[in-house]
Structure formats: C-alpha cells, structure tokens
Amino acid sequence: MPDTSLLTSSTLADEMRAHTGLFTEKTFDWDAFPASRGIPDLSRAQLRYVGAGGSPKVGDPSTLKAQHFTFSLVNQPVGKFAASHAHEVVEHFFILQGVLTVGTVWGDEVVEVKLGRKDLLLNKSGRPHGFRNDGVEPVLMQITVGSGTPEMPVHVCHPKDKELELSRRFGAPGPEKIHLFSPESSDRRHKELAPHVVRYRDRKPVWEKAGFARMTYVGEGGAPAASYSMDLIRLPRGVAIKPYTREVEDVYFVLEGAITVGWEQDGEIVERRLGERDLMFNPAGRAHYFRNDGAGDAEFSMVVGAARPQPVVFEAA
C-alpha cells in the first residue's frame, strides 16, 4: 500500500486537498439563514461542506463547489424550530445526534414524525415541512439538497407574518390538527410520507464481496431517489477496495472511526486520512478508493450524484 507520509505537494495532491472538508477546520455559521434574523426561536447553525444548501451564502470560499447535490450539517438547539417551507427539489435530514421532530404540511394539518440517530427523512419537492427540537440535547443532522444550486425556500408559515406558536406548530391551528406519523395508517398523508421515512433499526445490511456492509438510505431499497442516492457503509478493520471510477461525483462523510481515501492519476497515487465528520468529494471520472487501516471498524455515508445505480463493482484490494 502507498506510504501516506510521502504525500507531498503536487498537482494531484493539491487537488485532493482542495476536495477535502475537515471538520476541525470549519466553523458553524449562526447567521446562515437571513429569514431567521431577529427571531431567537429560529436559531440554528449551519456548517457547509458542499454548496450552500438552503443558505444564500454561495460564495463561501471554504465550501466545495456542488454539482448534483449539496452537503451541510445543521445544529439546532433545544426548543428551537425551523418554520415550515418548501423546496423546488428534494432534500433529506439524516440525524447524527439528538431527536428531531419534522412536521410535514397538508393545508392546515400536519403529520409529525420523530427521527432518532441514523434515521432519515427525505422531503419531497414542493411539500411544505418544518422541524423542531423537542428533545433534551442539541440536534445535529446532515442535510443534503438535490441540486447544486437550489432556489431559496418558500416559507408557508413564518413568525415574521404569523403568530409564533402557530409557526411552531408548522401552521396547524391547534393540537387536533397535528397527527403523529403511523406507517401502518391508511390515511393518504401517512401513506405518502411512509416511503420517505428510513429507520436505522430497519436497515438490513448487504455485504459486498469486497468485505464491507452497505445499507441503502436513498435509492433502491430506501427512500425514492430523484437526483442523488445515499448509502451507509460499514467498513471493518483491515478491509480495502481497489480503485474505481464513476460517471458522477461521490462523497464520503465519516461517522465513526477513520478511513484512508486514495486517488490515482497517470500512475501517481495520493492519499488522505479522514476522521469523524471529515468529508472527501471525489469528482466524476477520478479513480479513487478507500480502506480501513485503523484500530476499529469505520462507518461513513456515501452520497452519489445520480438517482440510478451506477455500474460500479467493488473489488477487495
């Protein structure tokens, strides 16, 4: 295997560094959403990796340029909420910490679902939704929006022009208009929402011949894909795969442990080690690979810039 201590300044190494987002080198932005200014109940912070997501701060020099999707983290303190709004594209919430309540809106009625760690909700394009932290610890979640340059969200019920408590209920006039999500319900709203709620406890891993486990969150077997797909990868200690390429970009975001990512070009190999909450953006057409040479198993999410499965066969190195 290549010696990562030999990673020196070169065109390929510089390019790899430019496509890396290290958590410890980033800062949460508490003013990412202008519509929340002056309203303490809407307080939340964004950390941008790829694109600006739902923030207008597209010129952030520390953010990687988005292609088919954006990738950011959002921290929401206890008791705060995000007013109901809609996007012209899909987006998902993937919970890293805490419990998030998401309200999906049908007129003046709301279906609320609680998401725990490693649960995901894919919000349909055009369907209004908001979210709230009713828990006892801050919520940290990964948000991915299904466009490199999404339009600004359209608010449905915002405390700038509606009562605060009405906005906190995402527009429901009273508790009788709020329904707890039930995947077994025959109600059309619950049936529409059900395929988009992905529970970690229900994920059954598929073991690749290359030696790692894959759990689909967005794509075939998970929430319906529109412009990107996402898998959760469990990479046992000592497992490595050979270089592969895609016709689109993919992203690795480390949740547990550490992985080594490598790039190849014209016989040159460069590598970068990623720890928890570090990210690597692998451009389309770039030969790249990953391995776990750490002390324990690693886990990372893999987001791919295409809805349909890509013709990639992973091989053990």
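Relevant structure appears above.
Attention here is on the structure that accompanies the text.

Conventions and cut-offs
Residues numbered from 1 in each chain as written. Predicted model: local features only at pLDDT ≥ 70, side-chain atom pairs only at ≥ 80, totals over all residues. Heavy atoms only, no water. Phe/Tyr/Trp six-rings, centres within 6.5 Å; stacked < 30°, edge-to-face > 60°. Helix = DSSP H or I, 4+ residues; strand = E, 2+ residues; numbered from the N terminus. Buried < 20%, exposed > 50% of the residue type's maximum accessible area, 1.4 Å probe, protein only. Lys NZ or Arg CZ within 6 Å of the ring centre and 35° of its normal. Polar contact = N/O pair within 3.5 Å; in protein donor to acceptor, adjacent residues only side chain to side chain. Pairing = 2+ DSSP bridges. Arc of directions from axis to C-beta. Contact = heavy atoms within 4.5 Å.

With respect to the packing of aromatic side chains
- Evaluated as defined, the whole model comprises 14 aromatic pairs.
- Between F290 and F314, the ring centres sit 6.2 Å apart and the planes meet at 55°, which makes this aromatic pair tilted. With F290 in strand β21 (residues 287–291) and F314 in the segment after β22 (298–304), this pair connects stretches of sequence that are 24 residues apart.
- Exposure remark for F290: the relative accessible area of 0% places this residue in the buried category.
- Looking at F314, the relative accessible area reads 13%, which means it is buried.
- Three or more aromatic residues link up through ring pairs in this structure, and these residues are F212, Y244, Y252, F290, F300 and F314.
- The ring of F33 has R44 sitting right over it, with the charged end atom 4.1 Å from the ring centre.
- The cationic tip of R277 hangs over the ring face of F23; the distance from NZ or CZ to the ring centre is 5.4 Å.

Focus on the side chain of E271
- You can see E271 is positioned in strand β19 (residues 268–274).
- A residue is classified by how much of its surface remains accessible, and E271, at 3% relative accessible area, is buried.
- Reaching out from E271, the side chain makes a polar contact with the side chain of Y289 at a distance of 2.5 Å.
- In terms of polar contacts, E271 uses its side chain to reach the side chain of R291, at 2.8 Å.

Here we look at the sheet that holds strand β10 (residues 139–145)
- The strand order β2-β3-β10-β5-β8-β13 describes an open sheet built from six strands, whose pairing is antiparallel. Looking at which strands have only one partner, the edges of the open sheet turn out to be β2 (45–50) and β13 (197–198).
- Bridge count for strand β5 (residues 91–97) against strand β8 (residues 120–123) is four bridges, and the pairing is antiparallel. Within β8, the residue paired with F93 across the bridge is L121.

Quick word on the sheet that holds strand β1 (residues 20–21)
- Ordered in space as β1-β20-β17-β22-β16-β15-β14, the seven strands form an open sheet in which the pairing is antiparallel. For this open sheet the edge positions go to β1 and β14 (206–207), each flanked by a neighbour on one side alone.
- Taken together, the two bridges between β1 and strand β20 (residues 279–282) define a ladder with antiparallel strand orientation. Along β20, the bridge assignment pairs T20 with M280.

Details of the pairing of strand β7 (residues 109–115)
- Of all seven residues in β7, six are buried, a share of seventy percent or more.
- Linking strand β6 (residues 100–106) to β7, which pair antiparallel, is a turn of two residues; within it G107 sits at a positive phi near 65°.
- With three bridges connecting them, β7 and strand β12 (residues 178–180) associate as parallel partners. When the sheet's bridge partners are listed, V111 is paired in β12 with H179.

Quick word on helix α1 (residues 11–18)
- All buried positions along α1 are accounted for by L12, A13 and M16. Projected onto a plane normal to the axis of α1, the buried residues spread over an arc of 100° and lie on a single side.
- Buried residues along α1 sit in contact with β1, β18 (259–265), β19 and β20.

Brief notes about unusual backbone geometry
- In this structure, F170 takes a positive phi of about 60° despite not being glycine.
- Relative to the elements of secondary structure, F170 occurs in the loop between α2 (164–168) and β12.
- The residue R277 is not glycine, and still its phi comes out positive at about 70°.
- Residue placement: R277 occurs in the loop between β19 and β20.
- Given a relative accessible area of 27%, R277 falls into the partly exposed group.

Geometric descriptors of this kind do not, in isolation, establish any biological role.
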